[in-house]
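Here are the chains, one letter per residue:
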Amino acid sequence: MRVVAVALTVLPDLDDLSIRRDLSVTPGTTILRAAHGAGVDIVATCGGRGRCTSCRVKFLMGTPPPPTIMDEVQLGDELVRDGYRLSCQCPVVEAATVQVSPPLEERSFQILGASGAGLAALGRVPIDSGIEKQVVKVSLPRDEHHQTSDLEQLLAAVGLGPGDVSPAVLSGLPAALRDDPEGVTVTTFTPHGAGALGRRIIAVERGDTAGMKFGLAIDIGTTSVVTTLIELDSGEQLASVSSLNPQSVFGGDLMSRIAFAQFNPANLRKLHTRIIGLLNRHLETVCRESGVLAKWIYKVVVVGNTCMHHLLLGIDPSFVGLAPYAPVMRHGLTVPARDLLLKLPPEARVCLLPLVAGFVGADAVAVALATRIGDTPEIRIAVDIGTNGEVLLGSRERLWACSAPAGPAFEGAQIRHGMRGALGAIDRVTVDDDIHVHTIGDTPPLGICGSGLVDLIAGLLEAGVVDPSGLIDVDGRDRLPAGLRDRVLMRGEERQVVVVRAGEGGATREIVLTQDDVRQVQLAKGAIASGVVMLQHVAGIATDAVTELMLAGGFGNYISIPSALRIGLIPPLPPARVRYVGNAASLGAQLCLLSERARADAERVAARIEHISLASHPDFEQIFVDAMNFPSP
């Protein structure tokens, strides 16, 4: 029987009809699968499992198919009636035109980049990147009886004995040696402790380029990626660029991304090429902004969680997602840039820091290095709050770590009117006799991001709108001030708080907090809080004994400390004992870029960290349940 293809038109943005895509689709294929197969990016934060609203589309032409139960649950009656469907749940059965919704309106994302000031403050680390450049004059072979070669003469000039030199270096050697009578610049890399025997030539350039010596520090997060260009002799930060991780189209959290790649080489290649493509675009950007040529970048240090590490290397992460969640490798790795197809000198060294366990990766090791949490006598806690968060607790005596995945709720996923921290996102909220909001860029509100959610729920808890169990107390609204009372509603069977009415502050639609939204925040904050409590439980450390709690990561540095304390996201410490430490993972990568000793220390730190598996601990279930509740007033 012949199968007749169905026409599907996808409009990523109504404001730019030139990017419409006309597809020919096998009947029964979901819109999401058809779009991804044609290279159209429809974000599927939950990995296409019908558990969020990020992949929703609106039917502009053609009859929307009957809604699935997941359409009803996630989108609600009103959007379903307006022709919205989840593209991951919606098979193509007849010709249709759909609009990706919302169109790509989230602009100017607020991503915490790298801090040059933070690096300068860590002047205790002696600069020794392992990269050396020297200008030498090479005596070339002069007659047939002189039994030598260009390479032998070069090695003698730089004081090296016979050794392997890559074909990439050899291919340009004859021209470089003969084009400039003043000599050539030889670049070498020596890992810490390797000595002269470990010194390797990675580039030979005509003329004197000894003053040009640069490196990259890269933090690959589940949600965002930050790349920083640094001058290797001075440690000066010359440029930094950050953007969303393009792999998030295929899943917002690690398990979704692992499920997408699981035992599927084609999908693994998609994830691998996405991140390599982004890093090459970052490279072009920092070079353009700084005026530095890519051929002068000789060292790269990369940190990220275990899944991001494996996908960068093209390693199948399937078994990281299956018990006992073992990574393919844990030790630090150094590879030439050509192996990763990075647009750098072929022999530039790309150094990946060691991993700790399946869900505690090199980013946690970098945080430990940057905060020196394992070097001081006081008990301290570092919390890297993110989609795949980690918690570190300890001192120079012992060091523990666990994975505390908040999931993408703090990035706006699975929240009715949630969005990432972008232009128009409500990022700060105060609650008194009414609700007052602030948006990123002071523009009309489009939705609410993670920091705004934490503020909002903290304020509603304080006002008595939300009780410690997380219930929106509609029955008790009569005791609220009039302005606030009118915002607490029961619509059908759904409890809601109207955060912004249509028209307020220029908003084009109503923005609400639903009961399900509160539950999603409870799950996310419960994951972080239970990770902290679990480590304290295992280590036998009371909260009073904690000298300092450090908030790291993109989300951790934007939330209000009083609000985080009010909802129980972090332990009940005096606010003076809680501080922001910026993008500590990126800072740790920068330290290892500038100091081979610090990079060697990373192996020691990774070996010291005692990984605690939360799910397998007999006390975790009760700790998690308790952590989901909000503190009483």
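Everything here concerns the structure above.
Described below are features of the structure shown in this document.

Cut-off values and rules
- Residues numbered from 1 in each chain as written.
- Predicted model: local features only at pLDDT ≥ 70, side-chain atom pairs only at ≥ 80, totals over all residues.
- Heavy atoms only, no water.
- Phe/Tyr/Trp six-rings, centres within 6.5 Å; stacked < 30°, edge-to-face > 60°.
- Helix = DSSP H or I, 4+ residues; strand = E, 2+ residues; numbered from the N terminus.
- Buried < 20%, exposed > 50% of the residue type's maximum accessible area, 1.4 Å probe, protein only.
- 1 Å grid on protein atoms, 1.4 Å probe; cavity = no way out; pocket = protein on both sides within 12 Å on 5 of 7 lines; lining within 4 Å.
- Points joined across faces, edges and corners; volume = space filled by probe spheres on them.
- Nonpolar A, V, L, I, M, F, W, Y, C, P; charged D, E, K, R; others polar.
- Lys, Arg positive; Asp, Glu negative; His and termini not counted.
- Salt bridge = Lys/Arg side-chain N within 4 Å of Asp/Glu carboxyl O.
- Polar contact = N/O pair within 3.5 Å; in protein donor to acceptor, adjacent residues only side chain to side chain.
- Contact = heavy atoms within 4.5 Å.
- Pairing = 2+ DSSP bridges.

## Examining the packing of aromatic side chains
Argument step 1. Taken as a whole and judged by the stated rule, the model has 4 aromatic pairs.
Argument step 2. Plain terms: the ring middles of phenylalanine 250 and phenylalanine 260 are 4.5 Å apart, the flat faces sit at 15° to each other, and that makes the pair stacked. Of this pair, phenylalanine 250 sits in the loop between β11 (237–244) and α7 (254–261) while phenylalanine 260 sits in helix α7, and the two are 10 residues apart along the sequence. Each member of the pair, phenylalanine 250 as well as phenylalanine 260, carries the same accessibility label: buried.

## Structural notes on the layout of surface pockets
Argument step 1. Estimated volume of the second largest pocket: approximately 1000 Å³.
Argument step 2. Sorting the residues of the lining of the second largest pocket by element identifies α7, β17 (399–404), α13 (515–539) and α18 (620–628) as the ones contributing at least two each.
Argument step 3. The biggest single contributor to the lining of the second largest pocket is α13, with 5 residues.
Argument step 4. Looking at the lining of the second largest pocket, its residues break down into 24 nonpolar, 13 polar and 3 charged.

## Let's talk about the side chain of aspartate 517
Argument step 1. Along the chain, aspartate 517 turns up in helix α13.
Argument step 2. Comment: no salt bridge for buried aspartate 517; closest opposite-charge side chain is arginine 416, at 5.7 Å.
Argument step 3. Separated by 2.9 Å, the side chain of aspartate 517 and the backbone nitrogen of arginine 416 make a polar contact.
Argument step 4. Those residues in contact with aspartate 517 that sit more than four places away from it in its chain are Gln414, Ile415, Arg416 and Val512.

## Description of the pattern of salt bridges
If charged atoms from side chains of opposite charge come close, those side chains can pair.
Argument step 1. With the rule as written, the count across this model stands at 23 salt bridges.
Argument step 2. Between glutamate 205 and lysine 133 there is a salt bridge whose closest N-O contact spans 3.3 Å. Here glutamate 205, found in strand β8 (residues 200–206), pairs with lysine 133, found in strand β6 (residues 131–136); they are 72 residues apart in sequence, far enough to count as distant.
Argument step 3. You can call glutamate 205 buried: its relative accessible area is 12%.
Argument step 4. Across the pair glutamate 596 and lysine 299 runs a salt bridge, and its minimum N-O distance is 2.6 Å. Here lysine 299 lies in strand β12 (residues 297–304) and glutamate 596 lies in helix α17 (residues 596–608), a separation of 297 residues in the sequence. A single burial state applies to glutamate 596 and to lysine 299, both of which are buried.
Argument step 5. Sharing partners across several salt bridges, the network here consists of Arg200, Arg338, Asp339, Glu347 and Arg349.

## A short note on the pairing of strand β16 (residues 389–394)
Argument step 1. Along β16, 6 of the 6 residues are buried, which leaves the element largely enclosed by surrounding structure.
Argument step 2. Taking every second residue as pointing to the same face, both faces of β16 are buried, with Gly389, Val391 and Leu393 on one and Glu390, Leu392 and Gly394 on the other.
Argument step 3. The pairing of strand β15 (residues 380–384) with β16 spans 5 bridges and is antiparallel. Of the residues in β16, the one forming a bridge with isoleucine 381 is leucine 393.
Argument step 4. In the sheet, β16 pairs with β17 via 6 bridges, with the strands oriented antiparallel. Paired with leucine 392 across the two strands is alanine 401, which belongs to β17.
Argument step 5. Connecting β16 to the next strand, β17, in antiparallel fashion are 4 residues.

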